[in-house]
Amino acid sequence: MLTGKQRSYLKGIANGIDPIFQIGKNGVNDNLIKQVDDALEAREIVKINVLNNSLLNTKEVANQVAELTDAEFVQSIGNKFVLYRESKDKKRIELP
């Protein structure tokens, strides 16, 4: 569980990164979860975009992906959301 200070720190980092995944009409599937899981291990923080044509609620999708990847939900703004998970091998981000 992230503290408020840690969440703020991660929001600052997330501000400078671009979304690397898009969720469309097909929604959340096993392939997407595998790719997000790999990206979290490599980067620790990822931003994901939910396309307008998907008709999915961004926060619901964010919580579902976070649960399936064992990650922490950081924030959701518009159609984008940010997830964080500490890497087992390549720890890069030092939380305050």
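(A) Structural detail: the overall build of the protein. What the protein contains, in helices and strands, is three helices and four strands. Mapped in sequence order, the helices and strands of the protein form the string α-β-α-β-α-β-β. By its C-alpha atoms, the protein is 40 × 25 × 20 Å across when sized along the principal axes. Residues classed as buried in the protein amount to 40% of the 96 residues present. A separation threshold of at least 6 residues defines the contact pool for the protein, and within that pool the share at least 24 residues apart is 70%. Charged side chains of the protein number 14 positive and 13 negative; the gap between the two group centres comes to 7 Å.

(B) Looking closely at the sheet that holds strand S4 (residues 80-84). Taken in spatial order, the four strands of this open sheet run S1-S2-S4-S3, and their pairing is mixed. Edge positions in the sheet fall to strand S1 (21-23) and strand S3 (72-77), since each has one partner strand and no second. Taking each pair of neighbouring strands and ignoring which way they run, the sheet shows an average axis angle of 25 degrees. Alignment of S3 against S4, held across five bridges, turns out to be antiparallel. Bridge assignment links Phe73 to a residue of S4, and that residue is Leu83. On the sheet, helix H3 (residues 58-69) packs against S1, strand S2 (45-50), S3 and S4 and is oriented at approximately 20 degrees with respect to S4.

(C) Looking closely at the pattern of salt bridges. Here the structure, examined in full by the defined rule, presents four salt bridges. Glu41 is paired through a salt bridge with Arg85; the nearest N and O atoms lie 4.0 Å apart. With Glu41 in helix H2 (residues 30-43) and Arg85 in the segment after S4, the pair connects residues that are 44 residues apart, well separated along the chain. Note on accessibility: Glu41 and Arg85 belong to one class, buried. Ionic pairing is found between Glu86 and Lys91, a salt bridge with its closest N-O pair at 3.6 Å. Exposure remark for Lys91: the relative accessible area of 39% places this residue in the partly exposed category.

(D) Structural detail: the nonpolar core. Grouped together as the largest cluster of nonpolar side chains are 17 residues, with contacts concentrated most on Ile23, Val36, Ile48, Val65, Phe81 and Leu83. Counting residues per element, the ones that place at least two in this core are S1, H2, S2, H3 and S4. Per-element accounting of this core gives the leading share, five residues, to H2. Val36 has contacts with Phe21, Ile48, Val65, Thr69 and Leu83, leaving out every residue within four places of it along the chain. Counting eight residues, the second-largest nonpolar core is a separate cluster that includes Leu10, Ile45, Val82 and Ile93.

(E) Region of interest: H2. Compared with the 20 Å implied by 1.5 Å per residue over 14 residues, the 20 Å span of H2 between its first and last C-alpha is a close match. All of the buried residues in H2 are Leu32, Ile33, Val36, Ala39, Leu40 and Glu41.

Each value, and the rule that gives it
Residues numbered from 1 in each chain as written. Predicted model: local features only at pLDDT ≥ 70, side-chain atom pairs only at ≥ 80, totals over all residues. Heavy atoms only, no water. Helix = DSSP H or I, 4+ residues; strand = E, 2+ residues; numbered from the N terminus. Buried < 20%, exposed > 50% of the residue type's maximum accessible area, 1.4 Å probe, protein only. Contact = heavy atoms within 4.5 Å. Lys, Arg positive; Asp, Glu negative; His and termini not counted. Charge placed at Lys NZ, Arg CZ, Asp CG, Glu CD. Pairing = 2+ DSSP bridges. Axes fitted to C-alpha atoms, helices over the stretch in contact; angles between N-to-C directions. Salt bridge = Lys/Arg side-chain N within 4 Å of Asp/Glu carboxyl O. Core = buried A, V, L, I, M, F, W, Y, C linked by side-chain atoms within 4.5 Å. Expected span 1.5 Å × (residues − 1).

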